[in-house]
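This is what each chain is made of:
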Amino acid sequence: MGSNRKLGSTNRVHMIGIGGSGMLGIASILLKKGFFVSGSDVSISKDLLLLQKEGALIQEGHKPDLIKRAQIVVFSSAIKKSNPELKEAKARNLIIVPRAQMLSSIITGYRNIAVAGSHGKTTTTSLLAEIFIKSKKDPTYVVGGKILSGGKSSNLGKGDTMIFEADESDGSFSHFHPDVALVTNVDNDHLAFYKNDLNNLHKAFKHFLGNIPFYGHAVINGDDANLKKILKFVKRRFITVGFNKKNDFIISNLTLKNKFQTFQIRSSTNQRFITLRTPLFGKHNVLNSSLAAITALEEGINKASIKAAIKEFKGTSRRFEEHIVRINNKNTIMVDDYGHHPAEINATIEAVYQKFGSKNICMFFEPHRFSRTKQLFSDFVKVLAKISEVHIFPIYPASEKPVRGITSKKLVSEINKINGNAYLIDKRSVKEVLYKRNSVPDVILVQGAGTIAEIAPLIKEYE
């Protein structure tokens, strides 16, 4: 049984950047464990208003006022060293811990399952949590987005399992020693932290997998080229899952019918066999579902619960989240998606083609970070040139300084050398773009991880 007692007598926690997806879930669990929680962020979101109702004390803006009440200060990776609250906490000699270290403390006493990978962590973590919920295991979980079926990003359960995302973007997943690690893929993202060297990222994943205790194991996407290289150095038991016939569990007979992807998973020796149906589109989601299913099977979850959970899973917030909107007296589809790496964007585009059958897409895209845009510039151009109409916002800096010569204007220019359908835009122009047009797009795609999250609600308000 997971421990529900307080972590100790030191129980007044202040969280800098409490509105971040990884921080919200931790804050909610700390409140349910009986901690006094305060926090600050640049603005008060709807999620933070809900957290206030749970008992948190929330401050808009980063001012050191609430630090006076705190014993422990938690900060997210987005917080700069110059943050006034962080400086005040140091001056007061308070206990200061990174977000991942606090999460690492929370998981003590549980059988913990960590979901890592460059792409697909949130969806796969949510799928796994849903499977455990369906099987009446009442897990504790922390997800980097809301599970749409329940509207929550975290839960303090009574069961003995903790399911959580392990974030590689700042190397913080090295804090974890999971009983089970699920790894979706390894890609050339967040390389700025790893000195722009993919080998350093590989080393980090080797370290993470090496943290698994001798009795634990990993469930791995065996089709991923980078993971194949990493696994040569892993000295723990691991299980591979994928479409390739060399995997321990092989995905086959994938079909699309009645708005479901149906597929089978069999063992390499044909000893274990399960047929699954998912309402999620895209080949990547078949892999995500399969990884979650095999992880659950290894944990003793029955097949009926796995099948039901995957079939009924509605997804997570801003991961191919669908809405019907009305543009010029005509209903059309809007897809809101968090993906901000070329591989993620490409997967979303392919899923749109697969589900809706039309390539008449109007995309609103906000590049995320100057370093990522510079590093993957040609990949962004190649992927975005596939879209029949793409409107690009200024680059969201995420605390980075601008990089000379790396702008959305340059991105638009390079895309237009291929298809001539890219445009610069700002938030004030979205309504004009959508309503002052001769034809309504079949799909409106809102893509990105920064302030573009505000665009989908804005479009819905226009109706």
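Residues numbered from 1 in each chain as written. Predicted model: local features only at pLDDT ≥ 70, side-chain atom pairs only at ≥ 80, totals over all residues. Heavy atoms only, no water.

Focus on helix α3 (residues 84–91)
- What α3 keeps buried is the set E85, L86 and A89. Each buried residue of α3 lies within a common arc of 100° when the element is viewed along its axis, so the set occupies one face. Structural note: α3 exposes K87 and A91 on the side pointing more than 90 degrees away from its buried face.
- Among the structural elements, β1 (12–16), β2 (36–41), β3 (57–60), β4 (72–75) and β5 (95–98) are those in contact with the buried residues of α3.
- The opening residue of α3 is N83, an N-cap whose side-chain oxygen sits 2.9 Å from the backbone nitrogen of E85.
- N93 lies just past α3 and shows a positive phi near 60°. (Buried < 20%, exposed > 50% of the residue type's maximum accessible area, 1.4 Å probe, protein only. Helix = DSSP H or I, 4+ residues; strand = E, 2+ residues; numbered from the N terminus. Arc of directions from axis to C-beta. Contact = heavy atoms within 4.5 Å. Polar contact = N/O pair within 3.5 Å; in protein donor to acceptor, adjacent residues only side chain to side chain.)

Notes on the pattern of salt bridges
- Going through the model one piece at a time under the given rule, you end up with 14 salt bridges.
- Linking R437 and E389 is a salt bridge whose minimum nitrogen-to-oxygen distance equals 2.7 Å. Within this pair, whereas R437 is found in the loop between α14 (430–435) and β21 (443–447), its partner E389 is found in strand β19 (residues 389–392), the two being separated by 48 residues in sequence. E389 carries the same exposure label as R437, and that label is buried.
- E454 is paired through a salt bridge with K427; the nearest N and O atoms lie 2.6 Å apart. You can see E454 sitting in the loop between β21 and α15 (455–462) and its partner K427 sitting in the loop between β20 (422–424) and α14, a full 27 residues away along the chain.
- Using a relative accessible area of 45% as the deciding quantity, one classes E454 as partly exposed. (Salt bridge = Lys/Arg side-chain N within 4 Å of Asp/Glu carboxyl O.)

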